[in-house]
Amino acid sequence: MKNAGVFAASAVAVRPRATARDADANGTFDDRAWMLETGDRYMVSGCDEAHDVVAVSRPRYDSHIDLVVYLPGEDRVTDVRVHRDRLLNIQRPLADDSVTTPPAPQPEV
């Protein structure tokens, strides 16, 4: 894999932040995958493990978004493609890790 070194370095950088985050300390909301931002944590229905978003790529006219995510259970970083309309449970901390509120609806351009 061409990006194995980059993914390994990303896992080292994300691991402390991901393990320190308390699941009850941050606000959570349900929204579509296209709302994901770098630093978010999300859960997909049917999966017990949370995924920490390392990077997001949103091609303008594509029906999917490409993510680089950290999987704490496997202690690795991998790339994932998710349909942009997939409903997810999203956890978004502020810079000071205080509780967040759901974002205001944004019109698509």
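In the block above lies the structure referred to throughout.
Residues numbered from 1 in each chain as written. Predicted model: local features only at pLDDT ≥ 70, side-chain atom pairs only at ≥ 80, totals over all residues. Heavy atoms only, no water.

Let's talk about the overall build of the protein
Let me state the cut-off plainly: Each helix is a run of H or I in the DSSP string that is no shorter than four residues. Each strand is a run of E no shorter than two, and both are numbered from the N terminus. Any two residues whose heavy atoms approach within 4.5 Å at even a single point are treated as in contact. The method behind every accessible area is Shrake-Rupley, applied with a 1.4 Å probe, and residues are considered shielded solely by the protein chains displayed.
Secondary structure assignment for the protein yields 1 helix and 6 strands. Restricting to contacts in the protein with at least 6 residues of sequence separation, those with at least 24 account for 53%. A total of about 6800 Å² of accessible surface is found on the protein, and carbon and sulfur atoms cover 53% of it.

Concerning the pairing of strand E4 (residues 64-71)
Counted only if it meets this: Think of it this way: DSSP has to see at least two bridges between two strands before they count as a pair.
In terms of strand pairing, strand E3 (residues 51-57) meets E4 through 5 bridges, oriented antiparallel. Counted as the bridge partner of Ser 57 is Asp 66 from E4. Linking E3 to E4, which pair antiparallel, is a turn of 6 residues. Pairing of E4 with strand E5 (residues 76-83) involves 8 bridges; the strand directions are antiparallel. Directly across from Asp 66, in E5, lies its bridge partner Arg 81.

Here we look at the pattern of salt bridges
To be explicit about the condition: By definition here, a salt bridge exists when the distance from a side-chain nitrogen of Lys or Arg to a carboxyl oxygen of Asp or Glu is within 4 Å. Partly exposed residues are those whose accessible area sits between 20% and 50% of the maximum for their type, while under 20% is buried and over 50% is exposed, using a 1.4 Å probe and protein chains only.
Under the defined criterion, the tally for this structure stands at 6 salt bridges. Here Glu 37 ties to Arg 92 by a salt bridge, and the two come within 3.8 Å at their closest N and O atoms. Pair noted here: Glu 37 is in the loop between strand E1 (28-32) and strand E2 (41-43) and Arg 92 is in the segment after strand E6 (87-91), with a separation of 55 residues, a long-range link. Since its relative accessible area comes to 41%, Glu 37 is described here as partly exposed. Taking the relative accessible area as the measure of exposure, Arg 92 reaches 12% and is therefore buried. Its salt-bridge partner being Asp 66, residue Arg 81 comes within 2.8 Å of it at the nearest N-O pair. Within this pair, whereas Arg 81 is found in strand E5, its partner Asp 66 is found in strand E4, the two being separated by 15 residues in sequence.

Some thoughts on the nonpolar core
The cut-off we apply is this: To form a nonpolar core, buried Ala, Val, Leu, Ile, Met, Phe, Trp, Tyr and Cys residues must be joined to one another through side-chain atoms within 4.5 Å.
Within the largest apolar cluster, 15 residues are counted, with the highest numbers of intra-cluster contacts made by Leu 36, Tyr 42, Ile 65, Leu 67, Val 82, Leu 88 and Ile 90. A total of 4 residues in this core trace back to one element, the largest contributor, which is E4.

What about unusual backbone geometry?
Notably, Asp 75 is not glycine yet its phi reads approximately 50°, a positive angle. When you line up the elements, Asp 75 lands in the loop between E4 and E5. The class of Asp 75 is partly exposed, set by a relative accessible area of 36%.

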